[in-house]
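Report on the structure
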Amino acid sequence: MSTDPKLLSAILEAAPIAMVMIDREGEIALVNTETEKLFGYPRNELLGQPVEILVPDRFRAAHPGHRGSFFATPTARRMGIGRDLYARRKDNSEFPVEIGLNPVETGEGVFVLSAIADITERKQAEEKFRLVVESAPNAMVMVNQHGEIVLVNSETERCFGYPRADLLGQSIEMLVPTRFRENHPGYRHDYFNHLVTRSMGAGRDLFGLHKDGSEFPVEIGLNPIRTQEGTLVLSSIIDISERKQAEQALQDRSDELARSNAELEQFAYLASHDLQEPLRTVTSFVDVLQRDSHQMRSEKVGTSLRFISNAATRMSELITGLLEYSRVGREGQQVIVDCNTMVNAIQEDLSHIISESRATLNVEELPQLKGCEPELRMLVQNLIINAIKFRTKDTDPSIRIVARQEQRYWQISIHDNGIGIAPEHQNRIFDIFQRLHTKQEYEGTGIGLAHCRKIVHAHGGKIWVDSYVGKGSAFHFTLPC
Ligand code: ADP
């Protein structure tokens, strides 16, 4: 296509944008009024000059090279894609520009017509936007339609642990935990098809992925931003770890309250019921003594007094047990407890009943655990005492204590070869005052295992039993590492 230079120049004059036409040597052949205004040169100072007078000094040396390569393959396109372009005014000041290049064939050969737009205002607006994003108290991440990160602020660097350069141009999915990554592009496409300002993932828990591989809970707001380069999405991301922790602490506290409330109710019921029993014994024998003592033989008086004394002792044991039970978890410092040392000390304390019952204890290597030492000691001691107490008549007690580590906790097990517990009783024995035998068969208060369970719960663990009647039991408890 060839163009009439006069017609061309008339069109250029009418254009509201600076237009500069150069020849193959880079000399300015044509400019319009808008160019004179923009660059501050009168037309005669431009015509015949190398176009490089419009290029800032720092880019000038490279310009003839760019020019040469355009003339080698002249097609209509934008100049300097991916680079910021600047132009120079007569007074040497610079301003940012966007330049469109068009080859123009004339009778005198190929010329290049450049349309030059001053984008100072747009750049200033962009800079303002960047500053607002930068100073936001939340992490702000902008992505394009392909899910590539095009802008982040310093809070994003802090929150996710990456320097900015490692984020820009990368896929946003790098900030999404692997388990959610597969679905994320789908959500992204849906969002680009329904662009509205809204929060992300309603009803779902959202997590961010830190560079070190750790996850943290987040809340995300999405804002579509329409730009010349297409629609971008600006996400504002808040790390809500602290809030979640506070919520969890509140939840734990309310669970704890509900648990201790239920315990209190059960406790009140059982205390009134079980403490009445020895008290009834005491009062009924006191009645007998009051009524009949004058006509009773002294040995009968002696027996009644013994019953009274036994009942009073039992009452005192029950009350002591209850007091100890009610104190679990309320006092006592958390320290590192070496369970090997602790079990040795328990064995020494129990040496009398161990040797009397001819029990053997086989203790494997035990861990160090964090907890309240007197409580952990009470826990293990109760279980050892039970393992000896509930032995079969004809076999010496043999007790084995072992520990094994699971992911986040230790499990300690105390195996015995005693009488065992029928399956239907295996849960209720952990409730307060629940006994499977009369005190004539096996003495006790029925508080021991309830006490154990309370201690284990207060330390964040669980306790249960595996048992076979006539073969033996294994009491297991877990405590966090
Ligand atoms: P106590 O020992 O004072 O009766 P516990 O709360 O320690 O109370 O135990 C509750 C009941 O659980 C016991 O009465 C007994 O029937 C049963 N039990 C506990 N430990 C064992 C064990 N090692 N073998 C068999 N039965 C057991």
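These numbers were taken from a predicted model, which means no experiment stands behind them.

1. Regarding the side chain of R314
Within the fold, R314 resides in helix α11 (residues 298-327). In this structure, R314 is in contact with E277, K439 and G444, ignoring residues within four places of it in sequence.

2. Quick word on the pattern of salt bridges
Using the criterion set out here, one finds 26 salt bridges in the structure. Ionic pairing is found between R377 and D349, a salt bridge with its closest N-O pair at 2.7 Å. Of the two residues, R377 sits in helix α14 (residues 373-389) while D349 sits in helix α12 (residues 339-349), which places them 28 residues apart along the sequence. For R377, a relative accessible area of 22% translates into the label partly exposed.

3. Thoughts on the site of the ligand
Around the ligand, 21 residues are found, and the nearest of them are N386, D416, R435, G446 and L449. Residue N386 places a side-chain N or O atom 2.8 Å away from an oxygen atom belonging to the ligand. Backbone polar atom of G446 to an oxygen atom of the ligand: 2.8 Å apart, as the coordinates give it. Elements represented by at least two residues in the shell around the ligand include exactly α14, α15 (448-458) and β19 (472-480). Examining the composition of the shell around the ligand, we find that three residues originate from one element, α14, more than from any other. Here the residues of the shell around the ligand are counted per class, giving nine nonpolar, nine polar and three charged.

4. A short note on the layout of surface pockets
Empty space within the second largest pocket amounts to approximately 1000 Å³. Lining of the second largest pocket is provided by 30 residues; of these, D84, R122, K123, E126 and E229 occupy positions nearest its centre. Of all the elements in the fold, those that place two or more residues in the lining of the second largest pocket are β5 (94-106), α5 (120-135), β8 (149-152) and β11 (215-227). With seven residues, α5 is the single largest residue contributor to the lining of the second largest pocket. Partitioned by chemical class, the residues of the lining of the second largest pocket number 14 nonpolar, four polar and twelve charged.

Conventions and cut-offs
- Residues numbered from 1 in each chain as written.
- Predicted model: local features only at pLDDT ≥ 70, side-chain atom pairs only at ≥ 80, totals over all residues.
- Heavy atoms only, no water.
- Helix = DSSP H or I, 4+ residues; strand = E, 2+ residues; numbered from the N terminus.
- Contact = heavy atoms within 4.5 Å.
- Salt bridge = Lys/Arg side-chain N within 4 Å of Asp/Glu carboxyl O.
- Buried < 20%, exposed > 50% of the residue type's maximum accessible area, 1.4 Å probe, protein only.
- Near = heavy atom within 4 Å.
- Polar contact = N/O pair within 3.5 Å; in protein donor to acceptor, adjacent residues only side chain to side chain.
- Nonpolar A, V, L, I, M, F, W, Y, C, P; charged D, E, K, R; others polar.
- 1 Å grid on protein atoms, 1.4 Å probe; cavity = no way out; pocket = protein on both sides within 12 Å on 5 of 7 lines; lining within 4 Å.
- Points joined across faces, edges and corners; volume = space filled by probe spheres on them.

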